[in-house]
Structure formats: C-alpha cells, structure tokens
Amino acid sequence: MAKYTKSDILKKAESEKVSYVRLQFTDIFGTIKAVEISVSQLKDALDNKIIFDGSSVEGFVRIKEADMVLHPDVNTWLVLPFEDDTYGKVARLICDVYTSYGKPFQGDPRYILKKQIKAMTDLGFAELNVGFEPEFFLFKMGEEGQISTKPVDHGSYFDLSPIDGAEYVRRDIALELERLGFEIQTVHHEVAPGQEEINFRFSGVLEACDNVQTFKQVVKFIARKHGYNASFMPKPIAGINGSGMHTNCSIRDKEGNNIFYDPNDPMKLSNICRKWISGILRHSRGFAAVTNPCVNSYKRLIPGYEAPCYICWSDANRSAMIRIPASRGMGTRTELRNVDAMANPYLALAVILASGLDGIKNTKDDEIIPPVYDNIFALTREQRESLGILNMPENLKDAMKEFRNDKLMYQTLGEHCFNKYCEAKDIEWEEYRCLISEWELKKYLLK
C-alpha cells in the first residue's frame with residue numbers, strides 16, 4: 001500500500017486533473033456507500049470535515065444520533081481511469097466512520113477489523129496476509145437491460161473461445177485492475193457456464209479487504225460496459241456449481257517470517273498454524289452467518305458441487321473446509337473454502353482472525369484437531385460424526401442460531417453491530433420463509 005500524506009493527495013489531485021472525489025465506506029452488510037464531493041472540497045474532506053446522515057444507512061444509527069463524520073484513509077487514494085472523465089478525472093478515498101464526538105463508530109466494519117488487527121499485534125505478530133479468490137458469473141442482459149440468469153457461454157474449467165464467450169471480458173477486467181495497481185496472478189473460466197475467476201496477489205488484511213471491494217466495483221462496471229451483468233450471488237442457478245471466495249491466510253512475525261511454516265514438521269506446518277486451524281474450525285458454525293451471510297449462501301454449501309459442507313481440514317483434500325495448498329516456506333497458508341463474496345470482507349476477516357487467534361491462545365497441544373484424508377463426501381453422517389466432523393449450518397436460520405450462541409462473535413462485532421446484524425438477518429429469513437416459490441407451485445398446486 002502506498003504511503004501518502006494529505007499534502008501528497010492535494011498535489012496528486014491537481015497534477016492528475018481530478019475534478020470529482022468519492023468518499024467511500026462500507027455498511028455492515030458489505031454494500032459500498034459513498035458521499036461525493038467536488039475536488040474543491042477535498043481539503044475539507046482530508047481534514048475530516050465531511051458529515052453525512054448515518055440514520056439513512058441501514059445498520060448504522062438512529063435519527064437522534066444521525067451526524068457521522070468521514071475520516072479518509074489517505075493511503076487508499078485511487079484515480080479511477082474507467083470512469084467518464086469528460087469533466088475531469090474521478091478519484092476515490094476509502095473512509096473510516098466516526099461519530100460527531102470524534103470517536104470511531106462502533107458499527108463501522110473497517111473499525112471492527114482494525115480492533116482484531118490490534119489484538120493480533122498485541123500477541124506479538126506483525127501482519128495477517130490475506131489472498132482472496134473471488135468467483136462470479138457473467139449473465140446476458142435483455143435488450144431493455146433486464147437482468148437474466150442466462151450464462152454468457154457454455155464453458156467449463158480453463159476453456160477458451162469459442163466455447164468460452166467471455167474471454168475478452170475477463171481480459172478487460174484484469175487489465176483494468178492492473179491499471180489500478182492490482183498484481184493479477186491468474187485469470188480463467190471456472191467450472192460452471194458463465195463462471196469466472198480472477199485472482200490477485202495477497203496483501204495485508206485491511207488492504208486486502210479494501211481491494212476486494214474495489215475488485216467487485218471494477219468487475220461490475222466492465223461487465224456492464226460489455227452488456228453483461230456480473231453477479232457475486234453464491235448460487236444463482238440450481239444444478240451447477242456456485243461461486244465462492246476462497247480466503248487464504250498466513251501470519252508474519254516482526255522479522256517477516258511466516259509463522260505457519262515449520263521445516264521440521266512432517267507436514268511442514270507449525271504448531272501455531274494447527275492451533276489457528278483448530279480455532280477456526282471450532283467457531284466455523286458460529287461465524288457462518290458472517291462468511292455466508294444470505295439465504296442463498298446455504299444453497300451453495302451442499303454436497304456434490306465442490307463447496308465445503310463439513311467442518312474439517314486437510315493438506316491434500318479439496319472436500320475439506322480448510323485446505324493447505326502445496327506451497328511451503330513463505331507460501332504456507334490456510335485456505336478457508338466456505339466463504340462467499342456476498343460476505344462483508346471486513347466483518348468476515350474480523351471473525352476469522354478472532355477465531356484463529358482464539359485457537360492460538362486457548363488450544364492445548366492435545367486439543368489440536370487432526371487433519372482428515374478421507375473423501376468426506378463419500379462418508380455417511382454416522383461415519384463423519386464418529387470422526388468428530390460436524391456439518392456447516394444448512395440454512396440462514398440455523399446459522400443465526402449458532403451465531404447468537406457463540407460468545408466470540410458478540411465480542412468481535414460488538415454490541416451495536418451484533419444486534420443490528422441479528423435484527424436484519426431475522427427479517428431476511430422471515431421474508432424468505434413467507435415466500436411461495438415456483439418449485440412449490442409446480443409440486444403442490446394441482447394436488
């Protein structure tokens with residue numbers, strides 16, 4: 001991440017002919033919000049003088065405490081070359097949200113993650129590195145802009161034209177991201193028709209979460225430019241694979257060493273890594289409502305479509321919820337496979353980090369959860385339970401029950417965010433529960 005001062009930003013805005021600035025922040029459900037200003041107001045923004053109505057943002061505050069203040073993170077300054085620059089260039093700054101009394105807003109997802117980063121550094125660790133692997137679908141749009149679920153092609157893993165109809169869209173997205181400073185690693189068609197994956201280099205956890213929000217903006221913008229709709233919905237089409245956002249994590253110490261790596265261990269994994277994994281597995285049912293936050297998330301987490309349904313780990317088994325990729329040394333990492341891109345990245349990484357740290361602090365050596373090498377999908381429920389392998393929650397209602405019962409989730413999100421999140425997800429489930437689906441009509445209407 002570049003290191004800028006307020007003076008640097010003002011100079012860059014002038015030299016790059018920026019006329020318009022978006023002050024962005026994220027609500028507790030992962031939706032990007034923005035207050036937009038003319039560049040003439042940029043100095044005031046950098047001096048934390050831009051106020052907005054927090055009562056208008058779902059999950060934030062009540063009418064009587066509506067005034068909220070945006071504190072731009074100067075290191076997130078980014079000129080957006082894909083925006084219309086007819087009247088000058090557009091830039092963005094990602095902001096932290098403060099109260100009018102000068103205190104960090106307790107419901108700001110970025111602040112919630114920062115608290116867990118501090119908890120990590122207080123334990124003597126330097127940085128959590130995170131690499132996201134977001135998947136998405138490209139769908140055709142109607143002549144009048146109607147949204148559809150018609151994939152742009154019939155391709156599968158690594159296909160190219162003419163089977164893959166979106167090769168050039170992926171290319172344009174990747175090149176646009178590179179213009180913004182992303183280091184693109186792999187770009188390819190995924191397993192399902194119209195499904196794509198673009199992976200970019202890992203970074204420190206806060207920057208990684210900022211990046212994935214930017215990534216989603218760019219993907220949607222470029223897709224729409226080509227006449228397609230990009231969707232990060234976990235399971236838009238029944239009967240084919242859904243989209244996940246595999247989340248790779250490793251921790252560095254103050255000397256820059258990867259503390260998950262132990263060259264003397266048979267698996268080349270440190271005891272700290274195993275305790276980190278154990279903590280995440282023990283809290284995975286509790287944090288599922290955050291990493292898999294919507295009704296549709298649980299239609300992806302079913303057997304038969306490569307998505308993890310069962311709570312276990314392995315260094316060689318892609319049916320496990322946590323996989324250890326083959327790379328070792330500085331590349332040693334844990335890959336958490338249940339996360340989907342509907343998750344608020346800041347809250348998802350806050351609960352993952354809190355769970356991993358809880359495992360490191362409180363797991364005794366004889367309590368470390370061992371790896372599983374069986375094909376978990378081939379085991380019966382009784383066989384899984386005999387091995388201590390639990391299921392992920394099967395729907396949002398069950399996930400919210402586990403969420404409420406996990407004290408660490410309350411401690412991590414804090415009273416305000418925890419209660420607002422519960423309230424909103426209860427409403428979401430009730431709305432879903434009351435709907436009559438097409439499946440029900442086909443199944444029962446003529447009975």
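Residues numbered from 1 in each chain as written. Predicted model: local features only at pLDDT ≥ 70, side-chain atom pairs only at ≥ 80, totals over all residues. Heavy atoms only, no water.

## Some points on the overall build of the chain
A count of helical and extended segments in the chain gives 12 helices and 18 strands. Over its C-alpha trace the chain gives a radius of gyration of 22 Å, about what one expects of a compact globule, namely 22 Å for 447 residues. In terms of overall dimensions, the chain has C-alpha extents of about 65 × 60 × 45 Å along its principal axes. Once local pairs closer than 6 in sequence are excluded, the contacts in the chain between residues at least 24 apart make up 69%. Of the roughly 20,700 Å² of accessible surface on the chain, 51% is carried by carbon and sulfur atoms. Seen as two clouds, the 57 positive and the 63 negative side-chain charges of the chain have centres 2 Å apart. (Helix = DSSP H or I, 4+ residues; strand = E, 2+ residues; numbered from the N terminus. Rg over C-alpha atoms; globule rule 2.2 N^0.38 Å. Contact = heavy atoms within 4.5 Å. Areas by Shrake-Rupley, 256 points an atom, 1.4 Å probe, with all protein chains shown as cover. Lys, Arg positive; Asp, Glu negative; His and termini not counted. Charge placed at Lys NZ, Arg CZ, Asp CG, Glu CD.)

## Quick notes on the pairing of strand β12 (residues 228-231)
What you see with β12 is no split at all: Tyr228 and Ala230 on one side and Asn229 and Ser231 on the other are buried throughout. Inspection of the sheet shows strand β7 (residues 125-141) paired to β12 by four bridges, in the antiparallel sense. Its bridge partner being in β12, Lys140 is matched across the sheet by Tyr228. (Buried < 20%, exposed > 50% of the residue type's maximum accessible area, 1.4 Å probe, protein only. Pairing = 2+ DSSP bridges.)

## Some words on the nonpolar core
Leu128, Trp276 and Phe403 are the most contacted members of the largest nonpolar core, which totals 93 residues. Per-element tally for this core: the top contributor is helix α8 (residues 345-362), with 11 residues. Filtering out sequence-adjacent residues up to four positions away, Phe403 remains in contact with Arg285, Gly286, Ala289, Val290, Met409, Leu413, Phe418, Tyr421 and Cys422. Grouped together as the second largest cluster of nonpolar side chains are 23 residues, Val21, Leu42, Leu46 and Val97 included. (Core = buried A, V, L, I, M, F, W, Y, C linked by side-chain atoms within 4.5 Å.)

## Quick word on the pattern of salt bridges
Counted by the stated rule, this structure contains 23 salt bridges. Here Glu402 ties to Arg285 by a salt bridge, and the two come within 2.8 Å at their closest N and O atoms. One end of the pair, Glu402, is in helix α10 (residues 396-405); the other, Arg285, is in helix α6 (residues 271-291), with 117 residues separating them in the sequence. Classification of Glu402 as partly exposed rests on a relative accessible area of 23%. (Salt bridge = Lys/Arg side-chain N within 4 Å of Asp/Glu carboxyl O.)

## Quick notes on the environment of Ile324
Among the structural elements, Ile324 can be located in the loop between β16 (322-323) and β17 (334-336). Linking Ile324 and Ser314, residues 10 residues apart in sequence, is a C-alpha distance of 6.3 Å.

## Some thoughts on unusual backbone geometry
Positive phi outside glycine occurs at Asn48, with the angle close to 60°. Checked against the element boundaries, Asn48 lands in the loop between α2 (42-46) and β3 (50-53). The backbone phi angle of Lys268 is positive, close to 65°, even though this residue is not glycine. Relative to the helices and strands, Lys268 resides in the loop between β13 (245-253) and α6. The class for Lys268 is partly exposed, based on a relative accessible area of 32%.

## Thoughts on the pairing of β7
With respect to burial, β7 is a largely interior element, 14 of its 17 residues being buried. Bridge count for β7 against strand β11 (residues 203-204) is two bridges, and the pairing is antiparallel. Following the sheet pairing, Val130 is matched in β11 by Ser203. What sits between the antiparallel neighbours β7 and strand β8 (residues 147-151) is a turn of five residues, in which Gly145 has the positive phi angle 85°.

## Considering the side chain of Asn211
Position of Asn211 relative to the elements: it lies in helix α5 (residues 205-225). Accessibility expressed as a relative area gives 17% for Asn211, which makes it buried. Every residue in contact with Asn211, bar those within four places of it in the chain, is listed here: Phe182, Phe200 and Ser203.

## Re α10
Side chains of residues three or four places apart in an α-helix project in the same direction, reflecting 3.6 residues per turn. Among the residues of α10, Leu396, Ala399, Met400 and Phe403 are the ones counted as buried. Projected onto a plane normal to the axis of α10, the buried residues spread over an arc of 100° and lie on a single side. Of the exposed residues in α10, the ones pointing more than 90 degrees away from its buried face are Lys397, Lys401 and Asn405. Those residues of α10 hidden inside the fold are in contact with α6, α7 (297-300) and α11 (407-434). (Arc of directions from axis to C-beta.)

Coordinates in, geometry out; function isn't part of it.
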